[in-house]
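Fold and contact review
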Amino acid sequence: MRFFGNIEAKTDAKGRAFLPAVFRKVLQSAGEERLVMAKDVFQSCLVLYPESVWNEQTDKLRLQLNRWNKAEQQLFRQYITDVELIELDGNGRFLIPRRYMQMAEIDREVKFLGLGDTIEIWSLAKAETPFVEPEAFGEALENLLGTRPNP
């Protein structure tokens, strides 16, 4: 399952948004019916995980953490309890809970970004600035990939 692209949209007064049709088609073709919404760990945006992707990541994290270590158990608790299960209505809409809109500083205008196996939801104002400046982006890719043989 691969999500690509960026699509601008608006939420209504209740915080509902339409999941872009291109992303709904990917979910449908993969047989996914539900999404899991979480606040991104590093950025002020929301992340939508297809339920199977969320479950896979949660299982991997659980295996890395010791249930009998207090700090690791608290970390897992924070990770697992600060999410929302999302189901699309018949029109492809879903509700972004108010607390999530506040966490991501979303007013009404949003940008959906497809990032492979997840979808990010950004405040349109925050998504307008480049994540990495163009020159730095090229240098980083060159440093990361420039010395590796092509497959």
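Coordinates for the structure precede this section.
Residues numbered from 1 in each chain as written. Predicted model: local features only at pLDDT ≥ 70, side-chain atom pairs only at ≥ 80, totals over all residues. Heavy atoms only, no water.

Take the nonpolar core next. Residues Leu19, Met37, Leu48, Phe94, Ile96, Phe112 and Ile121 are the most contacted members of the largest nonpolar core, which totals 22 residues. Contributing elements (two or more residues each) for this core: β1 (3–10), α1 (21–29), β3 (34–39), β4 (46–50), α4 (98–103), β7 (109–116) and β8 (118–123). At 3 residues, the largest contribution of residues to this core is made by α1. What Leu48 contacts, discounting residues up to four positions off in sequence, is Leu19, Leu35, Val36, Met37, Ile86, Phe94, Thr118, Ile119 and Ile121. With 6 residues, the next largest nonpolar core counts Val36, Ala38, Tyr49 and Val53 among its residues. (Core = buried A, V, L, I, M, F, W, Y, C linked by side-chain atoms within 4.5 Å. Buried < 20%, exposed > 50% of the residue type's maximum accessible area, 1.4 Å probe, protein only. Helix = DSSP H or I, 4+ residues; strand = E, 2+ residues; numbered from the N terminus. Contact = heavy atoms within 4.5 Å.)

On to the side chain of Thr11. With respect to the secondary-structure elements, Thr11 resides in the loop between β1 and β2 (16–18). If we ignore the near neighbours within four places in the chain, the residues touching Thr11 are Arg16, Ala17, Ile96, Met101, Asp107, Arg108 and Val110.

Let us now look at the environment of Asp40. Structurally, the position occupied by Asp40 is in the loop between β3 and β4. In sequence terms Asp40 and Ile106 are 66 residues apart; their C-alpha atoms lie 14 Å from each other. Beyond its immediate stretch of four places on either side in the chain, Asp40 contacts Cys45, Val47 and Glu120. In terms of polar contacts, Asp40 uses its side chain to reach the backbone amide nitrogen of Phe42, at 2.9 Å. (Polar contact = N/O pair within 3.5 Å; in protein donor to acceptor, adjacent residues only side chain to side chain.)

Let's shift gears to the environment of Phe94. Here Phe94 is to be found in strand β6 (residues 93–95). The class of Phe94 is buried, set by a relative accessible area of 2%. C-alpha of Phe94 to C-alpha of Val110: the two residues are 16 residues apart in sequence and 13 Å apart in space. Beyond its immediate sequence surroundings of up to four residues, Phe94 is in contact with Gly15, Arg16, Ala17, Phe18, Leu19, Met37, Leu48, Ile86, Glu87, Leu88, Phe112 and Ile121.

A separate point is the pattern of salt bridges. Following the criterion strictly, the structure yields 8 salt bridges and no others. Measuring nitrogen to oxygen at the nearest pair gives 2.7 Å for the salt bridge that ties Arg16 to Asp12. On the accessibility criterion, Arg16 (26% relative accessible area) is partly exposed. Given the relative accessible area of 21%, Asp12 is considered partly exposed. The partner of Lys126 in a salt bridge is Glu105, and the shortest N-O contact between them spans 3.3 Å. Of this pair, Lys126 sits in helix α5 (residues 124–127) while Glu105 sits in the loop between α4 and β7; the two residues are 21 residues apart in sequence, bridging distant segments of the chain. (Salt bridge = Lys/Arg side-chain N within 4 Å of Asp/Glu carboxyl O.)

If you check which residues of α1 are buried, you get Phe23, Val26 and Leu27. Buried residues of α1 fall within an arc of 100° about the axis and therefore sit on the same side. Across from the buried face of α1, at angles greater than 90 degrees, the exposed residues are Lys25, Gln28 and Ser29. Contact partners of the buried residues in α1: β1, β3, β4, β7 and β8. Phi for Gly31, located one or two positions after α1, is positive at around 75°. (Arc of directions from axis to C-beta.)

So, about the packing of aromatic side chains. Tallied over the entire structure, the rule returns 4 aromatic pairs. Both rings, one in Phe94 and one in Phe112, keep their centres 6.4 Å apart while their planes meet at 70°; by these two values the pair is edge-to-face. Pair noted here: Phe94 is in strand β6 and Phe112 is in strand β7, with a separation of 18 residues, a long-range link. Within the aromatic cluster, the residues linked to one another by ring pairs are Tyr49, Trp54 and Tyr79. The ring centre of Phe76 lies 4.2 Å from the NZ or CZ of Arg62, which sits over that ring. (Phe/Tyr/Trp six-rings, centres within 6.5 Å; stacked < 30°, edge-to-face > 60°. Lys NZ or Arg CZ within 6 Å of the ring centre and 35° of its normal.)

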